[in-house]
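Analysis of the macromolecular model
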Amino acid sequence: MPVDVRNMALGVLMVLAVLAVLRWAAAFFIPLFLGLVFSYALSPLVDWLQRLRVPRSLSAAVLVLGILGGMGAAAYSFSDDANDLVASLPEAARKLRDSLHRTPKKSGGTLDSVQKAATELQRAAEEAGGPAPGPARGGVAHVIVEKPSFDLREHLVSGTLGLATLVGQVVVVTCLTFFLLAAGDTYRRKLVKITGPGLAEKKLTVQALDEITAQMQRYLLVQLLASVGTGLATGICFGVIGLKHAAVWGIAAGIMNLIPYVGPIAITAGAALVAFLQFGGSPQMALLVGGASLVIDTLKGYVLVPWVTSKATRMNAVAVFVGVLGWGWMWGVWGLLLGMPILMAVKAVCDRVDHLKPIGELLAQ
């Protein structure tokens, strides 16, 4: 077998093995990458405090605790609006159900026709399945135990386990972020030291690490400013329109902005649905709220952020879209959130390794 074909086959197998390990050990890698991203985002502040002769461990602890405290205070201050929004969900569901069942007779009864068709299909399926099972031989009847369609205990148990898992992951990410901030450039020096004995290998490693740090910090700054701007614009616009709990919607829009593609769509659809229910089933108000959210997301997502991000990361949009979709398939929402930073790190490494430069070229603009 030619050497090039064999090497290519081995490379493909290695990539598949790495992806399989990343998917299998997602519970380990997701907190690790989140801690790395947060350490890149907060390290400039810790470095600045260190230049003011504040011990690095103390500054990292104060910064992490301050961020957690600020998030807790913000959640507590908006808890009343959030509770009101959650409390209004049953009434909103009732209005939605009534609006769906209320069918004008002039329209020909579309929902009734669909319902009748579904009933006939179900009846035909039951007839094709044969008669209902009766008593078997020996007088023993078949007993079928049907579980209820909605088991509250099961949902409470699963929700409690999910909440406990989330709290555990938050604790792990917080501790990892603190340790990385407190360590400073210790692991950076160790990584440069173990790359190889030659000066060329060490120089390439330093350049790759510097580019990863610079691009990561620029990208995170752009995302932070975009999230703050999206949240403020959404909250103000919804407040002017008259949508209830506009501040909560603004905060949700700012947070969901961090999730590419999926987050803005969820906010637009949810806000339009709530507006439709709040204004008495008015499609005009639903279109107004959804259109306002769509305009904000379009200006942010297709004009401002791509231009600034392209300057910061120097990556083409097609590679970013496909890569983010791949990470989203592998890790879900966390993959959508971490896909872009991981792609930037991969590109910075591939640009400086000879046999990996074709991958870097595919990711470049």
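Analysis parameters
- Residues numbered from 1 in each chain as written.
- Predicted model: local features only at pLDDT ≥ 70, side-chain atom pairs only at ≥ 80, totals over all residues.
- Heavy atoms only, no water.
- UniProt positions renumbered as here; feature names shortened; annotations may be inferred.
- Helix = DSSP H or I, 4+ residues; strand = E, 2+ residues; numbered from the N terminus.
- Salt bridge = Lys/Arg side-chain N within 4 Å of Asp/Glu carboxyl O.
- Buried < 20%, exposed > 50% of the residue type's maximum accessible area, 1.4 Å probe, protein only.
- Patch = residues over 30% accessible without salt bridge, like charges linked within 9 Å, V, L, I, M, F, W, Y side chains within 5 Å.
- Areas by Shrake-Rupley, 256 points an atom, 1.4 Å probe, with all protein chains shown as cover.
- Contact = heavy atoms within 4.5 Å.

1. Some remarks on the UniProt feature "transmembrane region" (unreviewed entry) in the protein
In the numbering adopted here, UniProt assigns the feature "transmembrane region" (unreviewed entry) to residues 12-38, 58-78, 161-183, 219-241, 247-274, 286-305 and 317-337. For residues 12-38, helix accounts for 96% and strand for 0%, while the C-alpha atoms at its two ends are 31 Å apart. The span residues 317-337 carries 95% helix and 0% strand; its end-to-end C-alpha distance comes to 16 Å.

2. Here's the deal with the pattern of salt bridges
Enumeration over the complete set of coordinates arrives at two salt bridges. Close ionic contact of R56 with D47 constitutes a salt bridge, the shortest N to O distance being 2.8 Å. Classification of R56 as buried rests on a relative accessible area of 13%. Across the salt bridge formed by K347 and D351, the nearest N and O atoms sit 2.9 Å from each other. Take K347: its relative accessible area is 6%, and that puts it in the buried class.

3. Quick look at a nonpolar patch on the surface
Together, M8, L10, V12, L13, M14, V15, L16, V18 and L19 line one region of the surface with nonpolar side chains, adding up to about 870 Å² of accessible area. By the element assignment, L16 lies in helix α1 (residues 3-24).

4. Notes on the environment of Q217
As for its placement among the helices and strands, Q217 is situated in helix α9 (residues 199-241). Put simply, Q217 and Y40 are 177 residues apart on the chain and 6.3 Å apart in space, counted from C-alpha to C-alpha. If near-sequence neighbours (up to four positions away) are discounted, Q217 is found in contact with Y40, S43 and P44.

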